[in-house]
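# Understanding the architecture of this molecule
One letter stands for each residue in the lines below.
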Amino acid sequence: MQLKNGCMAVKLLDFIGLCGEVPVSLVRMLPGYYDYNRRMVTALIREGYLKERRMKGYYRRIVRSLSLTESGSNQLQRVSPGRAQHVRSHALAPENGHGSWKKTLRLHRGAACLLAAMRLGAIWQPGSPKESATGEQLVYFSTYELAKKYGWDNKEARLSGLFVSRYCYYPVYYLGDSNLLWAEKAEWMFLDRVASSPLGYDRTCGSSILLGDKWTLIENLMAHGVNSRSRLIHFSKNSSFHYFTMDEMGLRLMKLALDEMSLYRFQRYLQQNGICKKHLCFRCICSVWSCFRRRTPRKRGNK
């Protein structure tokens with residue numbers, strides 16, 4: 001198999017190496033044609049550059065996970081030494097999950113959030129360009145990267161990363177096709193550390209972004225969200241969760257929501273053209289709480 005710098009096979013090795021482990025289901029969300037990417041993954045596994053493991057996940061489902069082998073790392077070093085150096089630094093994620101399902105699942109969530117950041121055009125590569133772009137452009141930090149930089153402990157938090165803009169930072173969670181086990185104290189503990197770090201200076205914590213594979217998942221979020229005893233994600237009127245999908249439309253909506261000036265201009269356009277009432281806002285379109293309020297029938301006597 002001939003590998004050339006810039007080809008899809010090298011990009012796959014690079015992405016999987018950066019993430020530690022990647023679920024096979026995420027291949028369909030990669031740029032390009034799905035059939036071609038799937039055949040390329042099969043060829044890389046056959047050549048021994050990638051390793052596929054099958055693990056039993058939640059609800060007894062079999063999850064297929066891809067990781068970079070030593071042979072694949074050597075090939076990446078031969079073709080693109082710069083990419084290989086970034087992979088071997090393990091700046092965004094650990095090397096792999098070492099056979100532990102919980103560690104592997106954390107890597108899978110981080111891989112999906114990193115892919116979303118790439119498709120949004122955010123600055124994600126560690127280094128001085130990323131530091132200088134913070135506050136000027138949309139920047140993505142993985143929780144592993146922040147924990148490694150500041151010495152934080154993020155083992156209990158489900159948070160996968162942060163999108164940082166000029167005025168806000170947004171926690172990012174990947175749900176996939178199912179709801180997420182939730183430990184609210186652990187999430188707020190990590191976000192409190194972010195608020196007291198240089199990233200939190202002169203910035204406020206924006207809405208928590210929930211990424212999923214399909215829009216129908218929001219039904220499950222609404223069912224469990226108002227149950228304070230639920231072990232899954234729960235919220236109240238003061239919570240701020242916004243749900244987006246990983247498809248083209250979902251990423252476009254998320255990109256608009258993360259750009260404060262573009263969002264303001266879009267809201268003005270909706271109001272001036274009578275498309276949206278003045279008391280409504282674009283953020284309500286993807287707000288989990290707003291969806292719940294619209295779906296819940298009001299009792300008689302309540303205004």
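Below is a summary of the structure that appears in this document. Positions within a chain are numbered from 1, following the residues in the order the chain's sequence is written. Per-residue local features of the predicted model are confined to residues with pLDDT of at least 70, and side-chain atom pairs are confined, for both listing and counting, to 80 or more; whole-chain, interface and lining totals are unaffected and use all residues. Hydrogens are left out, water is left out, and the side-chain values use all remaining heavy atoms of the structure.

Here the term cavity refers to a set of points on a 1 Å grid, laid over the protein atoms alone, in which a 1.4 Å probe fits but cannot get out; the term pocket refers to an open set having protein on both sides within 12 Å along at least five of seven lines, with lining residues being those that place an atom within 4 Å of a point. Grid points are joined across faces, edges and corners, and a volume is the space filled by probe spheres set on the points. Its boundaries defined by the atoms lining it, the largest pocket holds a volume of some 870 Å³. Forming the walls of the largest pocket are 37 residues, and the residues nearest its centre are Lys 102, Lys 103, Arg 106, Asn 154 and Lys 155. Runs of E in the DSSP output that reach at least two residues are strands. Runs of H or I that reach at least four are helices, and both are numbered from the N terminus. Elements with a contribution of two residues or more to the lining of the largest pocket: helix H1 (8–19), helix H5 (101–120), strand E4 (139–142) and helix H7 (143–150). When residues in the lining of the largest pocket are grouped by element, the largest group, nine residues, is from H5. Residue composition of the lining of the largest pocket, by class: 19 nonpolar, nine polar and nine charged. Reported here for the second largest pocket is a volume of approximately 670 Å³. Gly is placed with the polar residues, together with every amino acid not listed as nonpolar (Ala, Val, Leu, Ile, Met, Phe, Trp, Tyr, Cys and Pro) or charged (Asp, Glu, Lys and Arg).

This part is about the packing of aromatic side chains. Within 6.5 Å between ring centres, the rings of Phe, Tyr and Trp (the latter by its six-membered ring) count as paired, and their orientation is classed by plane angle as stacked under 30 degrees, edge-to-face over 60, tilted in between. All told, the structure shown has six aromatic pairs when counted by the stated rule. When the ring of Trp 182 is compared with that of Phe 241, the centres are 5.8 Å apart and the planes differ by 70°; the resulting orientation is edge-to-face. Taken together, the positions of Trp 182 in the loop between strand E6 (168–176) and helix H8 (184–195) and Phe 241 in strand E9 (residues 241–245) put the pair 59 residues apart, joining distant regions of the chain. Each member of the pair Trp 182 and Phe 241 is classed as buried. Ring centres 5.8 Å apart and planes at 75° place the aromatic pair Trp 215 and Tyr 243 in the edge-to-face group. Placement of the pair is Trp 215 in the loop between strand E8 (208–212) and helix H9 (217–225) and Tyr 243 in strand E9, with a sequence separation of 28 residues. Through successive ring pairs, a cluster of aromatic residues spans Tyr 150, Trp 152 and Phe 190. Between buried and exposed lies partly exposed: a residue is buried under 20% and exposed over 50% of the maximum accessible area for its type, with that area taken using a 1.4 Å probe on protein chains only.

The next subject is the side chain of Thr 245. For Thr 245, the location among the structural elements is in strand E9. Here a polar contact means two N or O atoms within 3.5 Å. Within protein one must be a hydrogen donor candidate and the other an acceptor candidate, and residues neighboring in sequence count only if both atoms are side-chain atoms. A distance of 3.3 Å separates the side chain of Thr 245 from the side chain of Trp 215, its partner in a polar contact. Looking at Thr 245, its side chain comes within polar contact range of the side chain of Asp 247, at 2.6 Å. Residues are treated as being in contact if the distance between any of their heavy atoms lies within 4.5 Å. Sequence-distant contacts of Thr 245, defined by excluding residues within four places in its chain, comprise Gly 212, Asp 213, Lys 214, Trp 215, Gly 250 and Leu 251.

With that out of the way, let us pick up H9. Considered for burial, the residues of H9 that qualify are Leu 217, Ile 218, Leu 221, Met 222 and Gly 225. Along H9, the residues classed as buried sweep out an arc of 140° about the axis, all on the same side. Here the arc refers to the directions that run from the helix axis out to each C-beta atom.

Working convention: axes come from line fits to C-alpha atoms, limited for helices to the stretch in contact. Angles between N-to-C directions cover 0 to 180 degrees. The contact between H1 and helix H2 (residues 34–47) brings their axes to 10 Å, and the two run at 70°. By the angle class used here, H1 and H2 are roughly perpendicular. Taken together, the residues of H2 that come into contact with H1 (itself represented by Met 8, Ala 9, Leu 12 and Leu 13) are Tyr 36, Asn 37, Met 40, Val 41 and Leu 44. In terms of residue class, the contact of H1 with H2 is built from eight nonpolar, one polar and no charged. Reported orientations rely on four angle classes, namely roughly parallel under 35 degrees, roughly antiparallel over 145, roughly perpendicular from 65 to 115, and oblique for the rest.

To continue, consider the pairing of E8. Burial analysis of E8 places five of its five residues in the buried class, the great majority of the element. Side chains of E8 alternate between two faces, with Ser 208, Leu 210 and Gly 212 and Ile 209 and Leu 211 buried alike. Strands pair, by our definition, only if DSSP identifies at least two bridges between them. By the bridge criterion, four bridges tie E6 to E8 in an arrangement that is parallel. Note that in E8 the partner of Val 172 across the bridge is Ile 209.

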